[in-house]
Every structure is written in C-alpha cells, then in structure tokens.
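Take a look at the letters that make up each chain.
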Amino acid sequence: MTQIVAYTNEHHRTSVIELWETAFGYETAHNTPSLVIDKKLAIADGLFFVAQANDRVVGTVLAGYDGHRGWLYSVAVHPAQRRQGLGARLVRHAEQALTARGCMKINLQIVSANESVRSFYESLGYAVEPRISMGKQVEANIPVATPLRN
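For every chain, the first residue of the written sequence is number 1, and numbering continues from 1 onward in sequence order. Only residues with pLDDT of 70 or above have their local features reported here, since the model is predicted, and side-chain atom pairs are shown and tallied only from 80 upward, although totals for entire chains, interfaces and linings are computed over all residues. Excluding hydrogens and water, the side-chain figures rest on all heavy atoms present in the structure.

## As for the pattern of salt bridges
Part 1 of the reasoning: What makes a salt bridge here is a side-chain nitrogen of Lys or Arg within 4 Å of a carboxyl oxygen of Asp or Glu, nothing more. With the rule as written, the count across this model stands at five salt bridges.
Part 2 of the reasoning: For Asp45, the salt bridge is made with Lys40, and the minimal N-O distance between the two is 2.8 Å.
Part 3 of the reasoning: The cut-offs for exposure are 20% and 50% of the maximum accessible area for each residue type, with area from a 1.4 Å probe on protein chains only; residues under the lower value are buried, those over the upper are exposed, and the others partly exposed. In this structure Asp45 comes out as partly exposed when scored by relative accessible area, which is 23%.
Part 4 of the reasoning: In this structure, the salt-bridge partner of Arg92 is Glu95, at a minimum N-O distance of 2.8 Å. Placement of both Arg92 and Glu95 in helix H3 (residues 86-100) is noted, with a separation of three residues, approximately one turn of the helix. Think of it this way: any DSSP run of H or I at least four residues long counts as a helix, any run of E at least two long counts as a strand, and we number them from the N terminus.

Have a look at this one:
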C-alpha cells in the first residue's frame with residue numbers, strides 16, 4: 001500500500017532527488033533538486049509530502065501558501081506507479097493541507113505543450129485561466145553551477 005507522509009529525512013532526500021531527475025530532468029540551476037529541497041525545508045511550513053511504497057519514495061508534491069493563494073509544485077510520480085491514482089491522491093493530500101490553513105484558491109503552472117498533464121489536472125477540477133504567467137529570476141540567489149572534475 002502506498003502511504004503519503006510528510007518529507008522528514010535523508011532517505012527521503014536521496015529518493016526524491018532520484019525521482020525528480022527521472023520525472024522532470026533539469027536544465028536550470030534554480031531547479032536543481034537538492035537546492036529546491038533545501039529552500040523548501042528552510043521555510044519549514046509542513047507542505048512537502050512524499051508517497052512511499054515499500055519504504056521507497058514513488059511520488060512527491062510540494063505546496064505553498066502565502067496567506068492569499070496556495071500553489072502546487074513538483075507533483076511527480078515514478079513512471080512505474082503512474083495511472084494508478086497516486087498523482088490524484090498526492091494532489092488531494094496537498095489540497096487538504098492547504099484548505100486546513102484557510103486557503104481559498106489553489107494555483108499551479110504546467111508547460112503548455114504537456115497535454116497529458118493538462119488533462120490530468122482538468123480531471124481534478126483545475127481549469128486553464130486567462131492569465132499570463134510571468135517570472136523573474138533573482139540571479140543573486142541562484143548558485144553558479146560548478147564544472148565537473150575528472
């Protein structure tokens with residue numbers, strides 16, 4: 001049975017990094033899994049959850065709440081565990097945690113070309129809104145990638 005629990009330990013860290021590298025791949029320094037984990041844990045808001053099956057992390061969801069809106073990030077399910085309802089369970093778990101904090105609206109962003117993910121979220125009640133997503137990187141807070149040494 002797959003169980004959803006709060007992220008708590010170094011075992012989770014290694015498994016989450018492996019899962020995110022498998023599920024997402026990363027091309028930018030600000031999305032490096034170890035950095036994302038460190039930044040999330042520094043907030044200590046209790047909104048980082050993992051799904052475990054046989055003591056192995058097979059899914060994740062990060063949520064955020066600023067007192068006005070909630071956000072979902074890093075919803076990931078291991079490829080071998082997909083299409084079994086785990087992604088929906090992770091989203092619902094995060095939604096419940098946000099709702100318990102008083103959140104009235106939950107947002108998320110997806111890559112526009114990823115139609116299967118769009119369909120997944122639509123099946124959970126999310127809708128495309130007439131918004132333009134904008135972002136600005138704060139370069140001073142993004143670590144410089146160091147070259148690999150042989």
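## Let's talk about the packing of aromatic side chains
Part 1 of the reasoning: Paired rings are identified among Phe, Tyr and Trp, the last through its six-membered ring, by centres lying within 6.5 Å, and are further divided according to the angle between planes into stacked (under 30 degrees), edge-to-face (over 60) and tilted (the rest). In the structure shown here, the tally under the stated rule is five aromatic pairs.
Part 2 of the reasoning: Judged by centre distance (6.3 Å) and plane angle (20 degrees), the rings of Trp71 and Tyr73 are stacked.
Part 3 of the reasoning: Where Tyr121 meets Tyr126, the ring centres are 5.9 Å apart and the plane angle is 80 degrees; that geometry is what we call edge-to-face. Of the two residues examined, Tyr121 and Tyr126, each falls in the buried class.
Part 4 of the reasoning: Every member of this aromatic cluster is reached through a ring pair, and the members are Tyr7, Trp20 and Phe48.

## Section: helix H2 (residues 33-43)
Part 1 of the reasoning: Burial in H2 covers these residues: Pro33, Leu35, Val36, Ile37 and Lys40.
Part 2 of the reasoning: In what follows, residue pairs with any heavy atoms lying within 4.5 Å of each other are defined as contacts. Among the structural elements, helix H1 (10-23), strand S2 (48-53) and strand S3 (56-65) are those in contact with the buried residues of H2.

## Quick word on the pairing of strand S4 (residues 70-77)
Part 1 of the reasoning: In short, DSSP must find at least two bridges between two strands for them to pair. Judged from the six bridges that link them, S3 and S4 form a sheet pairing that is antiparallel. Counted as the bridge partner of Gly64 is Trp71 from S4.
Part 2 of the reasoning: In sequence, S3 turns back onto S4 through a hairpin of four residues, with Gly67 there showing a positive phi of about 95 degrees.
Part 3 of the reasoning: For the handedness criterion, the β-α-β arrangement of S4, H3 and strand S5 (residues 106-107) is classed as right-handed. Clockwise travel from the first strand over the helix to the second, with the strands pointing away from the viewer, marks a crossover as right-handed.

## Considerations on the nonpolar core
Part 1 of the reasoning: Grouped together as the largest cluster of nonpolar side chains are 22 residues, with contacts concentrated most on Val61, Leu72, Leu90, Val91, Leu98 and Tyr126.
Part 2 of the reasoning: Taken together, the elements giving at least two residues each to this core come down to S2, S3, S4 and H3.
Part 3 of the reasoning: With six residues, the top contributor of residues to this core is H3.
Part 4 of the reasoning: Apart from the residues lying within four places of it in its own chain, the contact partners of Val91 are Leu72, Val75, Phe120, Tyr121, Leu124 and Tyr126.
Part 5 of the reasoning: Take the buried Ala, Val, Leu, Ile, Met, Phe, Trp, Tyr and Cys residues and link them wherever side-chain atoms come within 4.5 Å; each set so joined is a nonpolar core. In this structure, Val16, Val36, Phe48 and Ala76 belong to the second largest nonpolar core, which totals 12 residues.

## A word on unusual backbone geometry
Part 1 of the reasoning: The phi dihedral of Ser74 falls on the positive side, at around 50 degrees, and the residue is not glycine.
Part 2 of the reasoning: By the element assignment, Ser74 lies in strand S4.
Part 3 of the reasoning: A relative accessible area of 21% means that Ser74 is categorised as partly exposed.
Part 4 of the reasoning: Here the phi dihedral of Arg83 falls at roughly 65 degrees; this positive angle occurs in a residue that is not glycine.
Part 5 of the reasoning: Relative to the elements of secondary structure, Arg83 occurs in the loop between S4 and H3.

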